[in-house]
Amino acid sequence: MKRLSFKDCFHCSLAFGLLFFASSESFADQAEQAPGRTMARQATKTTQIWITTDHSKHEILQQAFTSGPEVTKACLACHSEAAAQFHKTIHWTWLDPNVDPQERIGKAGLSVNNFCISIHGNEPRCTSCHAGYGWADKSFDFADPTKVDCLVCHEQTGTYQKFPAGAGNPVPEPTVFKGNGKEYFPPDWNKVAQSVGRPTRKNCGVCHFLGGGGDAVKHGDLDTSLMKPDKQLDVHMGVDGQNFDCVRCHSTTLHNIAGRTYSTPAAMERKSLVEDDLVSKITCESCHTSRPHKPGEKPNDHTDKVACQSCHIPEFARVNPTKLWWDWSQAGKKKDGKPYAVKGPLGKPVYDSKKGDFLWAKSVKPEYFWYNGSINAITAKDMINPGQTVQINWPVGNQADQNSRIAPFKVHRGKQPYDKINKTLLIARLFGKKGSGAYWGDWDWKTAFTSGMEKAGLNFSGEFDWVETSYVFPITHMVAPKAKSLTCTECHSKTNSRLANLTGFYMPGRDGSKVITFAGWATVFGSLAGVLVHALGRIFTNGRNGRKEK
């Protein structure tokens with residue numbers, strides 16, 4: 001065996017040293033990366049979406065279609081179970097799937113809100129956002145598979161449009177909608193049918209960005225600015241960043257899309273993809289885990305009580321303004337006998353004869369509540385107390401609930417009608433022509449309430465007034481870059497704390513406690529006294545030792 005020379009040893013040592021240096025650099029880079037970001041990048045590293053079919057090549061989609069149900073029938077020739085699956089989802093029923101249907105909780109039931117109020121009597125207009133065809137028709141059959149609108153979620157041309165007053169149907173011929181003066185055209189049925197693919201932001205956003213009658217009316221964190229956002233607006237959806245579509249996080253099983261906000265949480269357990277690679281990705285912990293920050297960093301100690309969104313979404317409506325107030329009691333004013341509208345400084349209407357007064361705002365700080373994923377609500381048959389602001393819905397949770405976190409919300413406030421005798425919120429028929437009983441046709445509230453309540457199957461006493469209400473929306477989108485996340489003093493401050501409304505617990509920096517203050521100062525003075533005694537002892541001892549040496 002040949003003995004290694006000094007030169008061989010030197011080269012070997014140098015190579016080993018370089019390898020160790022490179023490895024240590026790599027380890028250092030990894031150590032600098034917060035675990036939550038490392039795991040999230042691993043979970044989302046594959047961005048290319050693969051497909052197994054090109055629908056433009058299917059002969060059945062090349063026939064001459066004249067309506068949406070005809071296209072759906074063709075879709076079902078291959079996707080035979082799709083309609084049966086979709087019929088069981090909340091997107092079809094518009095009812096909470098986890099309560100007795102007799103309770104009628106949901107848009108199609110007796111649930112109400114303080115923006116559009118209710119769909120009852122307004123089906124032609126409201127169901128333009130339903131994934132079906134013809135809800136307003138008296139012959140509409142919820143069990144008919146051909147009434148499912150496959151295209152609204154799956155077509156990719158961007159040209160497919162439902163008519164705003166068509167109960168989910170596109171127009172058969174070019175038609176101008178009087179509500180916005182826009183002309184709508186019939187789809188190129190073959191083109192849209194052959195384009196179908198996975199839902200994109202535009203497919204979801206056509207309803208979820210524009211719900212409630214306009215852009216950002218409802219959700220302060222969902223509006224058309226998210227069609228093509230940059231990562232400064234949303235680090236996940238930014239086209240210059242991760243470029244996620246909605247379905248990247250809103251996991252789907254048998255057409256059930258995760259993300260509902262009813263009494264049953266969208267996620268029943270907080271589990272990450274590290275623990276179960278088939279887990280729903282609807283929570284932040286799904287990708288980022290429950291310890292997302294670097295080891296030893298204080299934010300890791302907050303994840304059991306503070307939702308990730310509370311720190312990472314400092315403001316919502318950062319591009320487009322969102323509506324914060326809607327006063328129906330002011331509707332009905334006219335100029336020269338005609339309805340009118342007034343735009344405010346943000347380019348949004350602040351008054352509309354049909355709808356009343358509005359307040360819009362941009363870059364809004366959220367309000368914070370304990371939240372375990374459940375939202376409870378009243379319905380149009382529940383009694384209210386008109387002597388105070390009526391909470392139409394509210395987040396469920398408290399400090400003692402291990403599933404609750406302090407979470408951010410948009411709170412939409414307004415003034416709406418109630419029955420003075422029955423003490424219930426009223427449903428008005430709004431959309432319709434003169435003589436139909438609709439407010440926008442007859443301009444008579446009593447007639448509108450009579451028609452709307454009758455449509456909902458509820459009693460109206462004939463006497464009404466107005467009451468202030470509130471309605472909450474969880475804030476989960478528009479996640480800002482980490483450099484824009486909240487600093488500690490935003491909450492831990494005696495003045496202007498974001499959590500000033502949350503009481504019942506002690507928060508350092510925000511709250512004062514005589515006992516804790518006394519204990520703190522006692523510790524300080526005790527420490528100073530100890531140091532002083534120790535110093536005097538050393539001086540005294542050194543003095544005696546000095547005299548002995550002499």
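Below, the structure is looked at part by part.

Cut-offs used in this document
- Residues numbered from 1 in each chain as written.
- Predicted model: local features only at pLDDT ≥ 70, side-chain atom pairs only at ≥ 80, totals over all residues.
- Heavy atoms only, no water.
- Core = buried A, V, L, I, M, F, W, Y, C linked by side-chain atoms within 4.5 Å.
- Buried < 20%, exposed > 50% of the residue type's maximum accessible area, 1.4 Å probe, protein only.
- Helix = DSSP H or I, 4+ residues; strand = E, 2+ residues; numbered from the N terminus.
- Domains from an automatic or database assignment.
- Contact = heavy atoms within 4.5 Å.
- Polar contact = N/O pair within 3.5 Å; in protein donor to acceptor, adjacent residues only side chain to side chain.
- Patch = residues over 30% accessible without salt bridge, like charges linked within 9 Å, V, L, I, M, F, W, Y side chains within 5 Å.
- Areas by Shrake-Rupley, 256 points an atom, 1.4 Å probe, with all protein chains shown as cover.
- Salt bridge = Lys/Arg side-chain N within 4 Å of Asp/Glu carboxyl O.
- Pairing = 2+ DSSP bridges.

**As for the nonpolar core**
- Residues Trp328, Ile384, Leu425, Leu430, Tyr439, Trp445 and Phe449 are the most contacted members of the largest nonpolar core, which totals 33 residues.
- At the level of elements, β10 (356–361), α12 (439–442), α13 (445–456) and β17 (464–474) are the ones that each hand at least two residues to this core.
- Per-element accounting of this core gives the leading share, five residues, to α13.
- Two domains each put at least three residues into this core: domain 1 (56–210) and domain 2 (322–476).
- Apart from residues no more than four positions distant in its own chain, Tyr439 is found in contact with Ala331, Gly332, Ser353, Lys354, Arg429, Leu430, Asp444, Trp445 and Ala448.
- Residues Trp135, Val148, Cys150 and Val192 belong to the second largest nonpolar core, which totals 25 residues.

**Topic: the side chain of Asn203**
- Its place among the elements puts Asn203 in helix α9 (residues 201–208).
- Judged by relative accessible area, Asn203 falls into the buried class, the value being 9%.
- Within the local environment of Asn203, its side chain forms a polar contact with the side chain of Gln156, the two groups lying 3.1 Å apart.
- A polar side-chain atom of Asn203 sits 2.9 Å from the main-chain amide nitrogen of Thr200.
- Every residue in contact with Asn203, bar those within four places of it in the chain, is listed here: Leu151, Val152, Cys153, His154, Glu155, Gln156 and Arg198.

**Description of a nonpolar patch on the surface**
- Together, Trp521, Val524, Phe525 and Leu528 make up a nonpolar patch on the protein surface, roughly 440 Å² of accessible area in all.
- Look at Val524 and you get partly exposed, because its relative accessible area is 39%.

**A look at the pairing of β17**
- For β17, a buried count of eight out of eleven residues is recorded, marking the element as mostly surrounded by other parts of the structure.
- The sheet contact formed by strand β13 (residues 390–391) and β17 spans two bridges and is parallel. Bridge assignment links Val390 to a residue of β17, and that residue is Thr469.
- In this structure, strand β15 (residues 405–419) lies alongside β17, joined through eleven bridges in antiparallel fashion. Bridging from a neighbouring strand, Arg413 pairs with Ser470 of β17.

The quantities given are spatial measurements derived from coordinates; they are silent on function.
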